[in-house]
Amino acid sequence: DTGVSQDPRHKITKRGQNVTFRCDPISEHNRLYWYRQTLGQGPEFLTYFQNEAQLEKSRLLSDRFSAERPKGSFSTLEIQRTEQGDSAMYLCASSQGVGLTGSPLHFGNGTRLTVT
Amino acid sequence: AQSVTQLDSHVSVSEGTPVLLRCNYSSSYSPSLFWYVQHPNKGLQLLLKYTSAATLVKGINGFEAEFKKSETSFHLTKPSAHMSDAAEYFCVVSDPGTGRRALTFGSGTRLQVQP
């Protein structure tokens, strides 16, 4: 078990550019989550996958944000036309679950995005 | 709807003294409750979880929390603080009965431990 891996650790981009982050969950986990954390705040839920299906999306996930998990393993989060307000730590987490039950979430170390 | 309120944004204790981090929750159904810890430049780590079994939950590193439904509280305690406990702590609620999988995090409590 190598844990949840996120790449890159840091990303600096200019306003208006597109960025893509990758998350590799724990291999046997079927659930994958994306959260966003700004300075001094707790993580905020963005979206959730069960295998390859995206089952929940937060209102925070504007149409500039898109997430995929094409084969039910790794996931990507893309932000188009970045804005300074997108600057945050983007966290990925995974868990194993069926129905209403599931294991606790295991978090990666995050990708810190800075939009200049 | 589910929500979490962490009553203190900062708590400072002396090494060897007790720790109390307060959390109140709001939930429509029977919640699952968690405490996570975040050390600087490290990922979130699960300390403990409550899922409707025993109301007193023991976690890692000597931490424990008590679920009090009448007070809608889930306070985190430790009898004796250690310097390595200095970190950000998050109280988290989940409402599986709603069908939603999203966890709702509190805004966090920063614990400082003075020598």
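Use the structure listed above.
Everything numeric here is computed off the predicted structure, so don't read it as measured data.

Draft legend 1. Structural view of the state of the cysteines. Residue and element names in this part refer to chain A. The full count for this structure, using the stated rule, is two disulfides over all chains. Each sulfur in the disulfide pair Cys-23 and Cys-92 lies 1.9 Å from the other. Taking the torsion about the sulfur-sulfur bond, which here is approximately -70 degrees, the covalent link between Cys-23 and Cys-92 counts as left-handed. With a gap of 69 residues between them, Cys-23 in strand S3 (residues 19–24) and Cys-92 in strand S9 (residues 88–95) connect regions that are remote in the sequence. When its relative accessible area of 0% is taken as the criterion, Cys-23 is described as buried.

Draft legend 2. Spatial organisation of the pattern of salt bridges. Taken as a whole and judged by the stated rule, the model has seven salt bridges over all chains. One salt bridge connects B:Asp8 with B:Arg22, and the closest N-O pair in it is separated by 3.0 Å. In this pair, B:Asp8 is assigned in the loop between strand S1 (3–6) and strand S2 (10–14) and B:Arg22 in the loop between strand S3 (19–21) and strand S4 (23–26), connecting sequence segments 14 residues apart. With relative accessibility at 32%, the residue B:Arg22 sits in the partly exposed group. Members of the salt-bridge network, linked through shared partners, are A:Arg64, A:Glu83 and A:Asp86.

Draft legend 3. Structural context of the environment of B:Val92. Residues and elements named next belong to chain B. Inspection of the secondary structure assignment puts Val-92 in strand S10 (residues 87–94). Between the C-alpha atom of Val-92 and that of Arg-22, which follows or precedes it by 70 residues, the distance is 12 Å. Leaving out residues up to four positions away in the same chain, Val-92 has contacts with Val-4, Ser-32, Leu-33, Phe-34, Tyr-36, Leu-103, Thr-104 and Phe-105.

Draft legend 4. Geometry of the interface of chain B and chain A. Counting from both sides, the interface comprises 19 residues of chain B and, opposite them, 20 residues of chain A. A combined buried area of about 1500 Å² lies between chain B and chain A, and 56% of that area is made up of carbon and sulfur atoms. For the interface between chain B and chain A, the tally reads zero salt bridges. There are four residue pairs in polar contact (both at pLDDT 80 or more) connecting chain B and chain A. Those elements that provide at least two residues to the side of chain B that touches chain A are strand S5 (32–38) and strand S6 (44–50) of chain B. In the side of chain B that touches chain A, the residues fall into nine nonpolar, six polar and four charged.

Draft legend 5. Broad picture of the sheet that holds strand S1 (residues 5–7) of chain A. All names here are of chain A. Read from one edge to the other, the open sheet built from four strands follows the order S1-S3-S8-S7, with strand pairing classed as antiparallel. Two strands in the sheet have a free side with no partner beyond their single neighbour: S1 and strand S7 (65–68). Strand-to-strand twist across the sheet, computed as the mean angle between neighbouring axes with direction ignored, equals 15 degrees. Inspection of the sheet shows S3 paired to strand S8 (residues 75–79) by five bridges, in the antiparallel sense. Across the sheet, the residue bridging to Phe-21 is Leu-77, located in S8.

So, how was this worked out
Residues numbered from 1 in each chain as written. Chains lettered and ligands numbered in written order. Predicted model: local features only at pLDDT ≥ 70, side-chain atom pairs only at ≥ 80, totals over all residues. Heavy atoms only, no water. Disulfide = S-S within 2.5 Å. Helix = DSSP H or I, 4+ residues; strand = E, 2+ residues; numbered from the N terminus. Buried < 20%, exposed > 50% of the residue type's maximum accessible area, 1.4 Å probe, protein only. Salt bridge = Lys/Arg side-chain N within 4 Å of Asp/Glu carboxyl O. Contact = heavy atoms within 4.5 Å. Buried area = accessible area lost by both parts, 1.4 Å probe. Polar contact = N/O pair within 3.5 Å; in protein donor to acceptor, adjacent residues only side chain to side chain. Nonpolar A, V, L, I, M, F, W, Y, C, P; charged D, E, K, R; others polar. Pairing = 2+ DSSP bridges. Axes fitted to C-alpha atoms, helices over the stretch in contact; angles between N-to-C directions.

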